[in-house]
Amino acid sequence: MKNLRLILLIFGSIFFLINETSFAQEGFKWAKHYSDPGARSQVAYDVVTDANGNVYITGLNSNGYSVNDMVTIKYSSSGKYKWGKTFNTSSEYTGEVGKSIALYKNGTKSYVYVAGEVAFSGLTQYIKIIKYDESGNEKWQKEFDPGVPGSSDFVAKVTADTLGNCYIAGYSANKAFGAKYDSSGNVIYTNLINMPTG
């Protein structure tokens, strides 16, 4: 047993050293700071990269307590700022937040799906899905309301398949929801199910 422990200890030490060396060899590439002059602070919630190493980020610009705008940003593989898009519904709504981001490729072009939450008086009223092309041009936007009265709706994830279909998932109160849109923004289906309790 002592020999086994010694072998495991030696193996673990070697594994740790190998990993420490490999991490050190990677090196630090770049860091970028995004700032909107009209906002007090920024928060990133999700990030993805494409086959060319471009980086896409979604999150929010904050202008104070619960006063937010959804923001989506693209950087090149070398860290060069490419574009940034801000979504603000209207002054009646206090907050728009980008929570999840996904990509899909159609031929040589990449497309971006962003899913977030739009709030009023502290409660999320509905889910917002926006599609951009790789240059930051908006292709379409959709609103999804799971239909649970008096409860905030929260996005867990957006993803896309190779055909460009968009899938969102999240929850509201004790219910989970999901929806599928095609690449043109047409609803294919929506689901709302009770989550187990206890």
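Residues numbered from 1 in each chain as written. Predicted model: local features only at pLDDT ≥ 70, side-chain atom pairs only at ≥ 80, totals over all residues. Heavy atoms only, no water.

Asker: Is there a simple way to explain the overall build of the protein chain in this structure?
Answerer: The secondary structure content of the protein chain amounts to 1 helix and 12 strands. Looking at the 198 residues of the protein chain, the share that counts as buried comes to 39%. On the protein chain, roughly 11800 Å² of surface is accessible, and the fraction owed to carbon and sulfur atoms is 54%. (Helix = DSSP H or I, 4+ residues; strand = E, 2+ residues; numbered from the N terminus. Buried < 20%, exposed > 50% of the residue type's maximum accessible area, 1.4 Å probe, protein only. Areas by Shrake-Rupley, 256 points an atom, 1.4 Å probe, with all protein chains shown as cover.)

Asker: For this particular structure, what's the right way to read the sheet that holds strand 11 (residues 175-181)?
Answerer: Strand pairing in a sheet relies on backbone hydrogen bonds. The paired strands run either parallel or antiparallel. Pairing is antiparallel across the open sheet formed by 4 strands, whose spatial order is 9-10-11-12. Since the sheet does not close on itself, it has two edges, and those belong to strand 9 (153-160) and strand 12 (187-194), each with one partner. Going across the sheet, the axis of each strand differs from the next one's by a mean of 15 degrees, ignoring polarity. With 7 bridges connecting them, strand 9 and strand 10 (residues 166-172) associate as antiparallel partners. Looking across to strand 10, one finds that A160 is bridged to C166. (Pairing = 2+ DSSP bridges. Axes fitted to C-alpha atoms, helices over the stretch in contact; angles between N-to-C directions.)

Asker: Can you walk me through the packing of aromatic side chains in this structure?
Answerer: Two numbers describe a pair of aromatic rings. These are the distance of the centres and the angle of the planes. Taken as a whole and judged by the stated rule, the model has 10 aromatic pairs. Over the ring of Y45 we find K99, and its NZ or CZ is 5.2 Å from the ring centre. Over the ring of Y111 we find K131, and its NZ or CZ is 4.7 Å from the ring centre. (Phe/Tyr/Trp six-rings, centres within 6.5 Å; stacked < 30°, edge-to-face > 60°. Lys NZ or Arg CZ within 6 Å of the ring centre and 35° of its normal.)

Asker: When you look at the confidence of the model for the protein chain in this model, what are you seeing that I'm missing?
Answerer: Detailed reading of the predicted model is not advised wherever pLDDT is low. Predicted confidence across the protein chain gives a mean pLDDT of 81, with 76% of residues reaching 70 or more. Per-element confidence in the protein chain is highest for strand 8 (residues 138-144), whose mean pLDDT is 95, and lowest for helix 1 (residues 2-26), whose mean pLDDT is 46. Throughout residues 1-18 the model reports pLDDT below 50, and contacts reaching past four residues in sequence, or to other chains, amount to 0 contacts. (pLDDT = per-residue confidence, 0-100. Contact = heavy atoms within 4.5 Å.)

Asker: Please explain the environment of A102 as it appears in this structure.
Answerer: Note that A102 resides in strand 5 (residues 95-106). Those residues in contact with A102 that lie beyond four places of it in its chain are Y111, V112, Y113, V158, T159 and A160.

Asker: So what exactly am I meant to see when it comes to unusual backbone geometry here?
Answerer: Excluding glycine, a negative phi dihedral is what most residues carry, and trans is how most peptide bonds are arranged. Positive phi, normally seen in glycine, also occurs at A173, with a value near 55 degrees. When you line up the elements, A173 lands in the loop between strand 10 and strand 11.

Asker: Help me understand a nonpolar patch on the surface in this model?
Answerer: Taken together, the side chains of F154, Y171 and M195 make up a nonpolar region of the molecular surface, amounting to roughly 250 Å² of accessible area. Mapping M195 onto the fold places it in the segment after strand 12. M195 gets classed as partly exposed once you look at its relative accessible area, which sits at 34%. (Patch = residues over 30% accessible without salt bridge, like charges linked within 9 Å, V, L, I, M, F, W, Y side chains within 5 Å. Salt bridge = Lys/Arg side-chain N within 4 Å of Asp/Glu carboxyl O.)

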